[in-house]
Amino acid sequence: MPPPVHRPIGLTLSRTSKAVSRAFDARLATAGGSLPIWLVLLSLHTQQLGNQRELAAAVGIQGATLTHHLNAMESDGLITRRRDPANRRVHLVETTPAGEALFLKLRDAAVEHDVRLRAGLSTEDQATLAELLDRMHANVSDSDG
């Protein structure tokens, strides 16, 4: 079988995705955080979340994994959790002043990462890339494929 004329696009996309993720993780770590901390703080800051269950859905981290991250964040003074007086089975999660300060640092790191990703890409290039990535996502998300 002859070698492919072009490198498989899935391989290129996978390698790029890993490199982008590693770079983002490193930038967040330099700012004093991690991806799970960023996702939790971002969700608490940008959404009207009433409880830990809603936070889990917004962040996409479930069960024991989310609890582990929230325990660490609470120990570090970034969030508080308390029982909902109306429903003792529900935990309400809120950021502390330290959590807000870290959110701002991580937001700056995320913006810097995004600027780096867009370097050398025109507005048209960015729109085309977004459209192509959306189409590729649809290709693999299609229930018929």
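Residues numbered from 1 in each chain as written. Predicted model: local features only at pLDDT ≥ 70, side-chain atom pairs only at ≥ 80, totals over all residues. Heavy atoms only, no water.

Q: In this structure, what is going on with the overall build of the protein? I would like to understand it.
A: Counting secondary structure elements, the protein contains 6 helices and 2 strands. The helix and strand sequence of the protein, counted from the amino end, reads α-α-α-α-β-β-α-α. Computed over its C-alpha atoms, the radius of gyration of the protein comes to 19 Å, more than 25% above the 15 Å expected for a compact globule of 145 residues. Structurally, the protein occupies a C-alpha span of about 65 × 35 × 30 Å along its principal axes. Burial status across the protein gives 26% buried among its 145 residues. Within the protein, residue pairs in contact and separated by at least 24 positions form 48% of the contacts whose partners lie at least 6 positions apart. In the form shown here, the protein has an accessible surface area of approximately 10,000 Å², with 56% of it arising from carbon and sulfur atoms. One way to put it: in the protein the 16 positive side-chain charges average out to a point 7 Å from where the 16 negative ones average out. (Helix = DSSP H or I, 4+ residues; strand = E, 2+ residues; numbered from the N terminus. Rg over C-alpha atoms; globule rule 2.2 N^0.38 Å. Buried < 20%, exposed > 50% of the residue type's maximum accessible area, 1.4 Å probe, protein only. Contact = heavy atoms within 4.5 Å. Areas by Shrake-Rupley, 256 points an atom, 1.4 Å probe, with all protein chains shown as cover. Lys, Arg positive; Asp, Glu negative; His and termini not counted. Charge placed at Lys NZ, Arg CZ, Asp CG, Glu CD.)

Q: Got a minute to help me understand helix H2 (residues 35-46) in this structure?
A: Look at H2: 16 Å from first C-alpha to last across 12 residues, which is about the 16 Å you get at 1.5 Å a residue. Three or more residues of H2 are buried, namely Pro36, Ile37, Trp38, Val40, Leu41, Ser43 and Leu44. (Expected span 1.5 Å × (residues − 1).)

Q: What should I look at first to understand the packing of H2 against helix H3 (residues 52-59) in this one?
A: Working note: a packed helix pair is described by the angle between its axes plus the distance between those axes. One can describe the packing of H2 onto H3 by two numbers: an axis separation of 10 Å at closest approach and a directional angle of 115 degrees. Regarding H2 and H3, the two cross each other, and that crossing is right-handed. Facing H2, whose interface residues are Leu39, Val40, Ser43 and Leu44, H3 presents Leu55, Ala58 and Val59. In the contact of H2 with H3, the residues fall into 6 nonpolar, 1 polar and no charged. (Axes fitted to C-alpha atoms, helices over the stretch in contact; angles between N-to-C directions. Left-handed = near helix turned anticlockwise from the far one by under 90°. Nonpolar A, V, L, I, M, F, W, Y, C, P; charged D, E, K, R; others polar.)

Q: So what exactly am I meant to see when it comes to the pattern of salt bridges here?
A: Close approach of charged atoms allows side chains with opposite charge to pair. In total, this model carries 6 salt bridges according to the counting rule given. The residue Asp114 makes a salt bridge to Arg118 at a minimum N-O spacing of 2.6 Å. Remark: Arg118 and Asp114 occur in helix H5 (residues 97-118); sequence separation between them is 4 residues, near one turn of the helix. The class for Arg118 is partly exposed, based on a relative accessible area of 38%. Between Glu131 and Arg135 there is a salt bridge; the shortest N-O distance is 2.9 Å. Placement of both Glu131 and Arg135 in helix H6 (residues 123-141) is noted, with a separation of 4 residues, approximately one turn of the helix. A residue is classified by how much of its surface remains accessible, and Glu131, at 44% relative accessible area, is partly exposed. (Salt bridge = Lys/Arg side-chain N within 4 Å of Asp/Glu carboxyl O.)

Q: When you look at the layout of surface pockets in this model, what are you seeing that I'm missing?
A: A water-sized probe rolled over the atoms picks out the places where empty space is left. Roughly 500 Å³ of volume is contained in the largest pocket. What lines the largest pocket is a set of 17 residues, and nearest its centre among them are Leu13, Thr16, Val20, Leu129 and Leu133. Listing elements by their share of the lining of the largest pocket, those giving two or more residues are helix H1 (9-30), H5 and H6. If you tally residues by element for the lining of the largest pocket, the top one is H6, at 7 residues. (1 Å grid on protein atoms, 1.4 Å probe; cavity = no way out; pocket = protein on both sides within 12 Å on 5 of 7 lines; lining within 4 Å. Points joined across faces, edges and corners; volume = space filled by probe spheres on them.)

Q: I would appreciate a short explanation of the pairing of strand E1 (residues 79-84) in the present structure.
A: Successive residues of a regular strand alternate their side chains across the two faces of the sheet. Relative to strand E2 (residues 87-95), E1 is paired through 6 bridges, and the arrangement is antiparallel. Considered in E2, the bridge of Asp84 is made with Asn87. In this structure, the hairpin formed by E1 and E2 is closed by a connection of 2 residues. (Pairing = 2+ DSSP bridges.)

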